[in-house]
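Descriptive structure summary
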Amino acid sequence: MLQEDEGYYFGLGAFETIAVEQGKPVFLEAHYARLQRALEFFHLSVEFEEIQKNVQRALAEKQMQTGRKVLKVAVSQKNITVSTRENKYQEKDYAEGFSASYAKVKRNETSPFTYHKTFNYGDCILEKRRAMADGIQEPVFLNTRGEIAEGATSNVFFVKDVQIVAPPLSCGMLPGIMRQYLYENYEIQEQIILPEQVAEFQEMFLTNSLLGIMPVRQLEGFVFPGMEVGHMLMEEYRRRYCN
């Protein structure tokens, strides 16, 4: 039973959503490290070993041993919850690519909450629901300066002449685990990107732990010429971590 604390009342808590492929959690240590940083940010004195024990119990469940699953860990001062479910993304999503649009609200690049995965997730959830009601899979936030920052549940990347391009962290975004994977394995060029510059790019793709790497076919009214690099990166990731 959940206990009342500042996580319940004020959103002072953090969570991680982890892909589990054929019984194996992907980038578990990286998720732990990010969760630890968020708990330190909130000054929460939580026994991290207790979190790990709860995670291992969930991973040991029979239904987690096969297929594509999701493990979610949420932590506040008095609560540790771990839940599991199926990973809902299908092959047709990757083949067709996502449709994206700009969010109606701005991402606040000056807020420290932007850079941690916290219970303060209302903007993301509401914008995601609004977009999905319009047939859009992912809204993209601009920051207060009008620069492209991140998706509601993803980091954003573009491709120009085979070069992978990404907004810098200073634009205001959660430093994603899959974003980190790409930075560690590929050459990424950082660039501030304005909406009027999107047509300069041949591709766009999104990353998060559950999507992996998802090509984007369209952002607002602009249809990208291709999705080849996004598909190639996804296949390379799958060969490394999803078999």
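Data block above holds the structure.
Taken together, the four strands give an open sheet; going across it, the order is 2-1-3-4, and neighbouring strands pair in antiparallel fashion. In this open sheet, the two strands that pair with only one neighbour each are strand 2 (24-25) and strand 4 (80-86). Relative to strand 2, strand 1 (residues 14-21) runs antiparallel, the two being bridged by two bridges. The partner of E21 across the bridge, within strand 2, is K24. Contacting strand 1, strand 2 and strand 3 (68-75), helix 2 (residues 28-41) runs over the sheet at an angle of about 175° to strand 1.

For the rest of this paragraph, the subject is the pattern of salt bridges. Here the structure, examined in full by the defined rule, presents 13 salt bridges. One salt bridge connects R238 with E235, and the closest N-O pair in it is separated by 3.4 Å. One end of the pair, R238, and the other, E235, are both in helix 7 (residues 228-241), three residues apart, so they sit about a helical turn from each other. Overall, the relative accessible area of 16% leaves R238 in the buried class. Overlapping salt bridges bring together E91, E235 and R238 as one network.

This paragraph deals with the layout of surface pockets. Considered as a void within the structure, the largest pocket measures approximately 780 Å³ in volume. Around the largest pocket sit 40 residues that line it, and K117, Y121, C124, A152 and T153 are the ones nearest its centre. Among the secondary structure elements, those contributing two or more residues to the lining of the largest pocket are strand 1, helix 2, helix 5 (122-133), strand 7 (148-151), helix 6 (177-185) and strand 11 (203-208). Looking at the lining of the largest pocket element by element, the count peaks at seven residues for helix 5. Classifying every residue of the lining of the largest pocket gives 12 nonpolar, 17 polar and 11 charged.

Attention now moves to empty space enclosed by the protein. Rolled over the atoms, a probe with the dimensions of a water molecule shows which regions are left empty. Summed over the entire model, instances satisfying the criterion amount to one cavity of 30 Å³ or more. Considering only enclosed or pocket space, the largest cavity measures out at about 30 Å³ in volume. Forming the boundary of the largest cavity are A19, E21, R68, S209, L210, L211, G212, M234, Y237, R238 and C242. Of all the secondary structure elements, the ones that give two or more residues to the lining of the largest cavity are strand 1 and helix 7. Element by element, the count of residues in the lining of the largest cavity is highest for helix 7, at three residues. Taken together, the residues of the lining of the largest cavity break down into six nonpolar, two polar and three charged.

The next thing to look at is helix 6. Within the span of helix 6, buried status applies to I177, M178, R179, Y181 and L182. Buried residues along helix 6 sit against helix 2, strand 8 (155-160), strand 10 (188-190), strand 11, strand 12 (212-219) and helix 7.

Mapping P225 onto the fold places it in the loop between strand 13 (222-223) and helix 7. In the structure, P225 is positioned 171 residues away from N54 in sequence and 45 Å away in space, judged by C-alpha atoms. Filtering out sequence-adjacent residues up to four positions away, P225 remains in contact with F201 and Q202.

For the rest of this paragraph, the subject is unusual backbone geometry. Unusually for a residue other than glycine, Q22 sits at a positive phi of about 55°. Topologically, Q22 is positioned in the loop between strand 1 and strand 2. Residue Q22 is classed as partly exposed on the basis of its relative accessible area of 40%. Positive phi is not limited to glycine here, since H43 has a value of about 60°. Looking at the secondary structure, you find H43 in the loop between helix 2 and helix 3 (48-59).

So, how was this worked out
Here the residue numbering is sequential within each chain, running from 1 through the sequence in written order. Since the coordinates come from a predicted model, pLDDT governs what is reported: local features require at least 70, and pairs of side-chain atoms require 80 or more to be given and counted, while whole-chain, interface and lining totals use all residues. To obtain the side-chain values, all non-hydrogen atoms of the structure were used and water was disregarded. Here the rule is simple: two strands pair whenever DSSP picks up at least two bridges between them. Numbering of helices and strands runs from the N terminus, with a helix taken as a DSSP run of H or I at least four residues long and a strand as a DSSP run of E at least two residues long. In what follows, a contact means two residues having at least one pair of non-hydrogen atoms within 4.5 Å. Geometry is summarised by axes, namely lines fitted to C-alpha atoms with helices restricted to the contacting stretch, and by angles between N-to-C directions that run from 0 to 180 degrees. The working definition used for a salt bridge is a side-chain nitrogen of Lys or Arg within 4 Å of a carboxyl oxygen of Asp or Glu. The cut-offs for exposure are 20% and 50% of the maximum accessible area for each residue type, with area from a 1.4 Å probe on protein chains only; residues under the lower value are buried, those over the upper are exposed, and the others partly exposed. Buried and open spaces are told apart on a 1 Å grid over the protein atoms alone, a cavity being a set of points where a 1.4 Å probe fits but cannot get out and a pocket being an open set with protein on both sides within 12 Å along at least five of seven lines. Residues with an atom within 4 Å of a point are the lining residues. Grid points are joined across faces, edges and corners, and a volume is the space filled by probe spheres set on the points. Polarity classes work like this: nonpolar for Ala, Val, Leu, Ile, Met, Phe, Trp, Tyr, Cys and Pro, charged for Asp, Glu, Lys and Arg, and polar for all others, with Gly in that last group.

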